[in-house]
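Each chain is listed here by its residues.
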Amino acid sequence: MVDEILKKYETKKENLISILHDIQNTDPQNYLSQDNIKKVAKFLNISLSEIFGVISFYTMFSTKPRGKYIIKICRSTACHINGAGNIIKKIKEKLNINVGETTKDGLFILEQVGCLGLCGMAPAMMINDNVYGNLTDEKIDLILEEVKSGEYKNESYLCDKLLKREKQTLNVLENMGKIDPFHIDNRYKALEKAIQNMTPETVLEEVKNSGLRGRGGAGFPTGLKWSFTVPLKGEKYILCNADEGEPGTFKDRPLLEGDPHKVIEGIILAGYAIGASKGYIYIRGEYQHAIGIIKKAIAQVKEKGFLGKNILGSDFSFDIDIKIGAGSYVVGEETAQIESLEGKRGNPRIKPPFPGVKGIYQIPTVVNNVETLANIPNIVLKSADWFKGFGTEKSCGTKIFGISGKTKNTGLVEAPFGITLRELIFDFADGVKNDKKIKGALVGGAAGVFIPEYLFDEKISYENFSAKELTIGSGAIKVLDEDVDILDLLINIMEFFTHESCGKCFPCRAGNPTILNLLKKIKTGKNLQGNEWKTILKISQTMKETSLCALGQSPIMPLSTAYKYFKDELKK
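My aim in this report is to walk through the structure given alongside it, one point at a time.

## Observations concerning the overall build of the protein
Counting its secondary structure elements, the protein contains 24 helices and 13 strands. In summary, the protein has a C-alpha radius of gyration of 23 Å against a globular reference of 25 Å for 572 residues, a match within 12%. Structurally, the protein occupies a C-alpha span of about 70 × 60 × 45 Å along its principal axes. Counting over 572 residues, the protein shows a buried share of 60%. In the protein, the share of contacts with a sequence separation of at least 24, taken over all contacts with a separation of at least 6, comes to 71%. The distance from the centre of the 77 positive side-chain charges to the centre of the 70 negative ones in the protein is 4 Å.

## Overview of the environment of Gly248
Note that Gly248 resides in the loop between strand E5 (237–242) and helix H11 (252–258). The exposure class of Gly248 is buried, given its relative accessible area of 0%. Taking the C-alpha atoms as reference points, Gly248 and Ile322, separated by 74 residues in sequence, lie 24 Å from one another. Other than its neighbours up to four places away in sequence, Gly248 contacts Thr77, Cys115, Cys119, Gly402, Ala476 and Lys478.

## Looking at the pattern of salt bridges
Considering all chains together, one arrives at 43 salt bridges under this definition. One salt bridge connects Glu257 with Arg253, and the closest N-O pair in it is separated by 3.8 Å. Here Arg253 and Glu257 lie together in helix H11, a separation of four residues that amounts to about one turn. As far as the burial class goes, Glu257 and Arg253 line up, both buried.

## Here's the deal with the sheet that holds strand E12 (residues 449–452)
If you walk across this open sheet you meet the five strands as E10-E9-E13-E11-E12, and the pairing is mixed. Looking along the sheet, the strands with just one partner apiece sit at the ends: strand E10 (411–416) and E12. The mean angle between the axes of side-by-side strands here comes to 30°, regardless of whether they run parallel or antiparallel. Examined bridge by bridge, strand E9 (residues 398–405) and strand E13 (residues 476–481) share four bridges and lie parallel to one another. Bridge pairing in E13 places Gly405 opposite Val479.

## Here we look at the state of the cysteines
What the rule picks out here adds up to zero disulfides. Cys79 takes part in no disulfide bond, and the closest cysteine sulfur, belonging to Cys74, lies 3.6 Å away. Since its relative accessible area comes to 1%, Cys79 is described here as buried. In this structure Cys549 is not part of a disulfide, and its nearest cysteine sulfur, from Cys502, lies 6.2 Å away.

## Some thoughts on a nonpolar patch on the surface
Together, Phe220, Leu224 and Phe228 make up a nonpolar patch on the protein surface, roughly 280 Å² of accessible area in all. Note on placement: Phe228 falls in helix H10 (residues 222–229).

## Observations concerning the pairing of E5
The buried count for E5 comes to six of six residues, which makes it a mostly enclosed element. Neither face of E5 is left uncovered, since the one carrying Tyr237, Leu239 and Asn241 and the one carrying Ile238, Cys240 and Ala242 both have all their residues buried. Where E5 lies against strand E6 (residues 278–283), six bridges are found, and the strand directions are parallel. From the neighbouring strand, Ala242 faces E6, where its bridge partner is Ile283. With five bridges joining them, E5 and strand E8 (residues 365–369) adopt parallel strand pairing. Note on E8: the bridge partner recorded for Ile238 is Val366.

## Let's talk about the packing of aromatic side chains
Tallied over the entire structure, the rule returns 16 aromatic pairs. Aromatic side chains Tyr237 and Tyr280 sit 5.7 Å apart centroid to centroid with 85° between the ring planes, which places their arrangement in the edge-to-face category. Pair noted here: Tyr237 is in strand E5 and Tyr280 is in strand E6, with a separation of 43 residues, a long-range link. Judged by relative accessible area, Tyr237 falls into the buried class, the value being 7%. Note on Tyr280: relative accessible area 2%, which makes it buried. Each member of the aromatic cluster is reached from another via a ring pair, and the members are Phe57, Tyr58 and Phe61. Note that Arg213 overlies the ring of Tyr462, its terminal NZ or CZ placed 4.1 Å from the centroid. Over the face of the ring belonging to Tyr287 we find Arg284, whose NZ or CZ atom lies 5.2 Å from the ring centre.

## Some thoughts on the nonpolar core
Ranked by size, the top nonpolar core spans 97 residues in total, and within it Leu424, Phe450, Ile451, Leu490, Phe497, Leu519 and Trp533 carry the most contacts. The element that contributes the greatest number of residues to this core is helix H19 (residues 486–500), accounting for nine residues. Contact partners of Ile451, with chain neighbours within four places excluded, come to Leu421, Gly440, Ala441, Val443, Phe456, Phe465, Leu470 and Phe566.

## A look at the sheet that holds strand E4 (residues 130–132)
Read from one edge to the other, the open sheet built from four strands follows the order E2-E1-E3-E4, with strand pairing classed as mixed. Two strands in the sheet have a free side with no partner beyond their single neighbour: strand E2 (108–113) and E4. Across the sheet, the axes of successive neighbouring strands diverge by a mean angle of 25°, strand direction being ignored. Summarising the sheet, strand E3 (residues 125–127) and E4 pair through three bridges and their orientation is antiparallel. Residue pairing in the sheet places Met126 in a bridge with Val131 of E4. Each of strand E1 (69–74), E2, E3 and E4 touches helix H7 (residues 137–148); the most contacted strand, E3, lies at about 15° to it.

## A short note on the side chain of Asn171
Here Asn171 lies in the loop between H7 and helix H8 (189–197). Not counting chain neighbours up to four residues away, the residues in contact with Asn171 comprise Lys262, Asn378, Trp386, Phe390, Thr398 and Glu414.

## Focus: the environment of Thr249
Its location among the elements puts Thr249 in the loop between E5 and H11. Assessed through its relative accessible area of 4%, Thr249 is described here as buried. Linking Thr249 and Arg422, residues 173 residues apart in sequence, is a C-alpha distance of 19 Å. Leaving out residues up to four positions away in the same chain, Thr249 has contacts with Gly117, Cys119, Glu244, Tyr287, Ser474 and Ala476. Within the structure, Thr249 has its side chain in polar contact with the side chain of Ser474 (distance 2.7 Å).

## Overview of the packing of helix H2 (residues 16–26) against helix H4 (residues 48–57)
In a packed pair of helices, the relevant descriptors are the angle between the two axes and the axis-to-axis distance. The contact between H2 and H4 brings their axes to 11 Å, and the two run at 70°. As far as their axial angle goes, H4 and H2 are roughly perpendicular. Residues Leu16, Ile17 and Leu20 of H2 pack against Ile51, Val54 and Ile55 of H4. Among the residues forming the contact of H2 with H4, the class breakdown is six nonpolar, no polar and no charged.

Parameters at a glance
Residues numbered from 1 in each chain as written. Predicted model: local features only at pLDDT ≥ 70, side-chain atom pairs only at ≥ 80, totals over all residues. Heavy atoms only, no water. Helix = DSSP H or I, 4+ residues; strand = E, 2+ residues; numbered from the N terminus. Rg over C-alpha atoms; globule rule 2.2 N^0.38 Å. Buried < 20%, exposed > 50% of the residue type's maximum accessible area, 1.4 Å probe, protein only. Contact = heavy atoms within 4.5 Å. Lys, Arg positive; Asp, Glu negative; His and termini not counted. Charge placed at Lys NZ, Arg CZ, Asp CG, Glu CD. Salt bridge = Lys/Arg side-chain N within 4 Å of Asp/Glu carboxyl O. Pairing = 2+ DSSP bridges. Axes fitted to C-alpha atoms, helices over the stretch in contact; angles between N-to-C directions. Disulfide = S-S within 2.5 Å. Patch = residues over 30% accessible without salt bridge, like charges linked within 9 Å, V, L, I, M, F, W, Y side chains within 5 Å. Areas by Shrake-Rupley, 256 points an atom, 1.4 Å probe, with all protein chains shown as cover. Phe/Tyr/Trp six-rings, centres within 6.5 Å; stacked < 30°, edge-to-face > 60°. Lys NZ or Arg CZ within 6 Å of the ring centre and 35° of its normal. Core = buried A, V, L, I, M, F, W, Y, C linked by side-chain atoms within 4.5 Å. Polar contact = N/O pair within 3.5 Å; in protein donor to acceptor, adjacent residues only side chain to side chain. Parallel < 35°, antiparallel > 145°, perpendicular 65-115°, else oblique. Nonpolar A, V, L, I, M, F, W, Y, C, P; charged D, E, K, R; others polar.

Next comes the structure, spelled out in structure tokens:
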């Protein structure tokens, strides 16, 4: 079987992670044996130590035999406050195993993961490639019995819904739920317009004039980012960052699953604008349903002649490859993702040089988020002025917000910048579950900020939030009711950062567990010195100033805003 798998691949190191996935997925015990690892090392002509270094970095790989069915319980912020701990306890009792153990009959192994991107149906879990959400004790019993009997269902269709679709401003999500994801007739009109009537320079200027900013979290001007790469000679790449690992974030997967052609067209247009010859989609390994859809959609596009040599009879040639992640939050950072794409551990690189100058294999690479690229077709087809008709002067267009947590309804809202948290939570999500009192919201994911209820009328825009030392981040909005324990939630966040740190730089490697231990000490209330919070904020500030990448630089945001707005609760 392994020999047959290896025949499908070229002997390039960048294929290592894909090869390991294929071998593990075909093994009855879901693991990578020593003998198979040796075969891979010989095939790719790389050392065993290098392969074990990669395997040990990514959480989806195992060198120990596991159960036939891998139960992965999500412990992200949304699942945590909605009872993930109780779900884990229930499964442990039901199967008589602890986390990391396999049942005696070899059927199930229980694992915990940082985030599955299923926040709209929290608490959630995966069993192998299938997802299940809105879990209860009763539902757990039913699911496990169904799996045992071979009735293997997938609830991915329940993951995402548009909240009050008729009230939304649907530009990026306009096709979600309305068309077949594989509907390709009368598509790629923006690409046709660009190739037939616009030069690459004109496309670049249109994107620059639109004011589009990166939707992955950083908010950097997209056209400006492209312009750094355009003058460079030789081969160039586009990298679509679909490693949506930020806890609370579930906006990119619905785009990939519901309208893959909009994303693909955006990638091709970006390639045309900067003079790239190849694009990559790096998608997280947990998104198996999306991976299947994207693969099929790309095959359709190639068949239609929108990918490949001399697209639409022009001298522009472009192709797209898919690369699949293996369980790592830090590879959402662009340079760590490039390292992973090359078949390595996902350790961030030192910047500069930035990827736009030296990216994949040191070749200039523009890295953009899924939502960012999905905006490009409408900008090219309808104009920059059309795009600037939405939002605010400095925050143009619409933004996709994922609302989860303690609201009556959870799901997606696409709205122009300038909307408020109060409108999103009460007008679209119908307020707090069980009519409890609202405490605040965690905005932007685990690496986001805590916002109290009295600031919910602030307009959501880059300029306004920045002036108030807040962040929009990925657009994740976790709503917190009166029962949510802020300290408990901070411990959950810091457990996540501690686990996901790649360990390459000392501030992050040492700072995260130190902060976590201090938070746990405050929680117990034992042996307190009285300066714990002062120490926590000092360490997180040092991490912000000295860490290599955004993972180490981020804890300051939830920690400092929690302390600023919920100090009385945290100091009890």
